[in-house]
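Commentary on secondary and tertiary structure
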Amino acid sequence: MTKSYVFTAAASLFLFLLAFSTGSPAFLAPAFLLVLLLIYAPVSVLLARRSLSVQLQLQTDHVRRGDHATLTLSVRFRSMLPVSSLHLKVSIDDVESESTLDIPCSIYTKQFSLSFPARHAGCMHPGVNLCTIHDLFGLYHTDFVPRTSHPDLLVLPLDFEVAPLVYAQVDAGLGTMAKANEDITSPSDIRSYQTGDPMKKIHWKLSARKQELLVRKFDEPVLPDALLLLNCEKPESLAIQDALLETAFSIMKKELSGDHAIQAPLLGAHPTELDGRMGLPLLAENLARMQWTNGTSFEEVLLIESRRLRRCGATAIITSSLNGELVEIMCQMRRMGPSLRLYLVTFTPSDPNLLPFVSRMQNADCEVCYVKPSETT
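Rules of the game
Residues numbered from 1 in each chain as written. Predicted model: local features only at pLDDT ≥ 70, side-chain atom pairs only at ≥ 80, totals over all residues. Heavy atoms only, no water. Helix = DSSP H or I, 4+ residues; strand = E, 2+ residues; numbered from the N terminus. Buried < 20%, exposed > 50% of the residue type's maximum accessible area, 1.4 Å probe, protein only. Areas by Shrake-Rupley, 256 points an atom, 1.4 Å probe, with all protein chains shown as cover. Core = buried A, V, L, I, M, F, W, Y, C linked by side-chain atoms within 4.5 Å. Contact = heavy atoms within 4.5 Å. Pairing = 2+ DSSP bridges. Axes fitted to C-alpha atoms, helices over the stretch in contact; angles between N-to-C directions. Salt bridge = Lys/Arg side-chain N within 4 Å of Asp/Glu carboxyl O. 1 Å grid on protein atoms, 1.4 Å probe; cavity = no way out; pocket = protein on both sides within 12 Å on 5 of 7 lines; lining within 4 Å. Points joined across faces, edges and corners; volume = space filled by probe spheres on them. Nonpolar A, V, L, I, M, F, W, Y, C, P; charged D, E, K, R; others polar. Parallel < 35°, antiparallel > 145°, perpendicular 65-115°, else oblique. Polar contact = N/O pair within 3.5 Å; in protein donor to acceptor, adjacent residues only side chain to side chain.

Turning next to the overall build of the protein. The secondary structure content of the protein amounts to eight helices and 18 strands. Evaluated residue by residue, the protein yields a buried proportion of 44% over its 377 residues. Summed over all atoms, the accessible surface of the protein reaches about 19,800 Å², with 55% contributed by carbon and sulfur.

Okay, structure coming up:
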């Protein structure tokens, strides 16, 4: 309802008062005409609303961030009472990419194509945010969101150049991972005792029979080369979200180009496990589909995933937040064997509040790399 509708109602009431007070029928005709207008305006708009149907279809279901996506709208209007026009506000991700369509209601079915920039990585749901219908006389209008299915649009993350991860040695005597090159759950053979062998490996019963010290040999496990841990807590902005996803994708692409296996558990709202053997297209799609969480803290995730460390040679951690507890956990992870590199996503890498944390990690032999999100995304 508009101000014009209220003024028209007041005018019709005034004309009725004049007609009844003066006894002149000359005022009744315009009064009845205004009443008809007051009835026609909302009825025509409400009928148009009930008869309106909108269908959405994407030209492709996935694009890379920064590309354009084309959305086709099929608008159908079947009301017998004409109205002025309808306005559709359509967007892919947020109000920044919102477009408005002014559609004359004299048509019954028509298709429109809109092109949107895919500004942010992730799973988008293009749709009609708002529909407005006006009557012919500008007296009445209604705003609503039409019922329509929203197609999914995957906006895949881009990649950028990152340095390859540094892997700890797994051969005895060549690095800190020497303690991880045997699986104590899989004894495979027996050999003579050598100076420095731990006492728990000695096979005491067999040594008593053979009259010499014998130790168990264990199978060397198949070691995944790298473990990637991404902070899946909801980021503060879409720009930081883009940087987190694209840093993860860039690391995985770099390691796969060097024939290294890599695993990445994504403990978001719906946990999933990424494996480098899936291939880059599937890795990019799964990263885009990841649902961020507001529940599990990243500190808990690091503690849970620490059990994997004895089976990997390098660990990459990606986060946009840093605190004392996180730093201590990461330093402890570094002491467990694999090399550790932190990718810190922040707009202010020179923030003095971060310097003590960064210094603490560097003193613990952890690499620290900064990723600055693009402020234009």
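Here we come to the nonpolar core. Core analysis: the largest hydrophobic core is formed by 35 residues, its most contacted members being Leu73, Leu88, Val90, Ile133 and Leu153. Of all the secondary structure elements, the ones that give two or more residues to this core are α2 (28–51), β1 (53–58), β3 (68–76), β4 (85–91), β5 (99–104), β6 (109–117), β8 (127–134) and β10 (153–156). Apart from residues lying up to four places away in sequence, Ile133 is in contact with Val45, Ala48, Arg49, Val83, Ser85, Leu86, Tyr140, His141, Thr142 and Phe144. If you look at the next biggest cluster of nonpolar residues, it comprises 33 residues, including Ala121, Leu228, Ala243 and Trp292.

Let's shift gears to the sheet that holds strand β16 (residues 314–319). Taken in spatial order, the six strands make up an open sheet running β15-β14-β13-β16-β17-β18, and their pairing is mixed. Two strands close off the open sheet at either side, each with one partner strand: β15 (272–275) and β18 (367–371). Averaged over all neighbouring strand pairs, the angle between strand axes comes to 20 degrees, with direction disregarded. Relative to β15, strand β14 (residues 262–266) runs antiparallel, the two being bridged by four bridges. Its bridge partner lying in β15, Leu266 is registered against Thr272. Taken strand by strand, helix α5 (residues 280–289) contacts β14 and β15, and its axis lies near 155 degrees from that of β15. In the packing of helix α7 (residues 324–335) onto the sheet, the strands contacted are β13 (226–230), β16 and β17 (339–345), and the crossing angle to β17 comes to about 155 degrees.

Below, the discussion takes up the pattern of salt bridges. Within the structure shown, the criterion is met by 11 salt bridges. Between Arg360 and Glu328 there is a salt bridge whose closest N-O contact spans 3.1 Å. Of this pair, Arg360 sits in helix α8 (residues 355–363) while Glu328 sits in helix α7, and the two are 32 residues apart along the sequence. The class for Glu328 is partly exposed, based on a relative accessible area of 39%. The salt bridge involving Arg341 is made with Glu367; its shortest N-O contact spans 3.3 Å.

Another aspect to go through is empty space enclosed by the protein. Across all of its chains, the model carries one cavity of 30 Å³ or more by this definition. In this structure, the largest cavity encloses a volume near 60 Å³. As for the largest cavity, its lining consists of Leu230, Asn231, Cys232, Glu233, Pro265, Leu267, Thr293, Thr296, Ser297, Phe298 and Val301. Looking at the lining of the largest cavity, its residues break down into six nonpolar, four polar and one charged.

In spatial order, the strands read β5-β4-β8-β9; together these four strands make up an open sheet with antiparallel pairing. Each edge of the open sheet carries a strand with a single partner, namely β5 and β9 (141–144). Direction aside, the axes of adjacent strands within the sheet are offset by 15 degrees on average. Where β8 meets β9, four bridges bridge the pair, whose relative direction is antiparallel. Bridging across to β9, Thr132 finds its partner in Asp143. Contacts from α2 reach β8 and β9, with the element oriented near 25 degrees to β9.

Counting buried residues along β4, five of its seven residues qualify, which places the element largely inside the surrounding structure. Bridge analysis of β4 against β5 gives six bridges, and the strand direction is antiparallel. Bridged to Ser85 within β5 is Pro104. The sheet contact formed by β4 and β8 spans seven bridges and is antiparallel. Bridged to Val90 within β8 is Val128.

Below, the discussion takes up unusual backbone geometry. The phi angle at Gln211 is positive, at roughly 65 degrees, despite the residue not being glycine. With respect to the helices and strands, Gln211 occurs in the loop between α3 (204–210) and β12 (214–218). On the basis of relative accessible area, Gln211 is assigned to the exposed category, the value being 69%.

Along the polypeptide, Thr315 turns up in strand β16. Contact partners of Thr315, with chain neighbours within four places excluded, come to Leu227, Leu229, Leu309, Met333, Pro338, Ser339, Leu340 and Arg341.

Further remarks concern the packing of α7 against α8. Viewed as axis vectors pointing N to C, α7 and α8 meet at an angle of 10 degrees, and their least axial separation amounts to 10 Å. In this view, α7 runs roughly parallel relative to α8, as classed from their interaxial angle. Residues Gly324, Val327, Glu328, Met330, Cys331 and Arg335 of α7 lie in contact with α8, whose contacting residues are Phe357, Arg360 and Met361.

Turning to its location among the elements, Thr346 is positioned in the loop between β17 and α8. For the pair Thr346 and Tyr370, spaced 24 residues apart in the sequence, the C-alpha separation amounts to 7.1 Å. Dropping the residues within four chain positions of it, Thr346 is found in contact with Leu354, Tyr370, Val371, Lys372 and Pro373. Within polar-contact distance, the side chain of Thr346 engages the backbone nitrogen of Thr348 at 3.1 Å.

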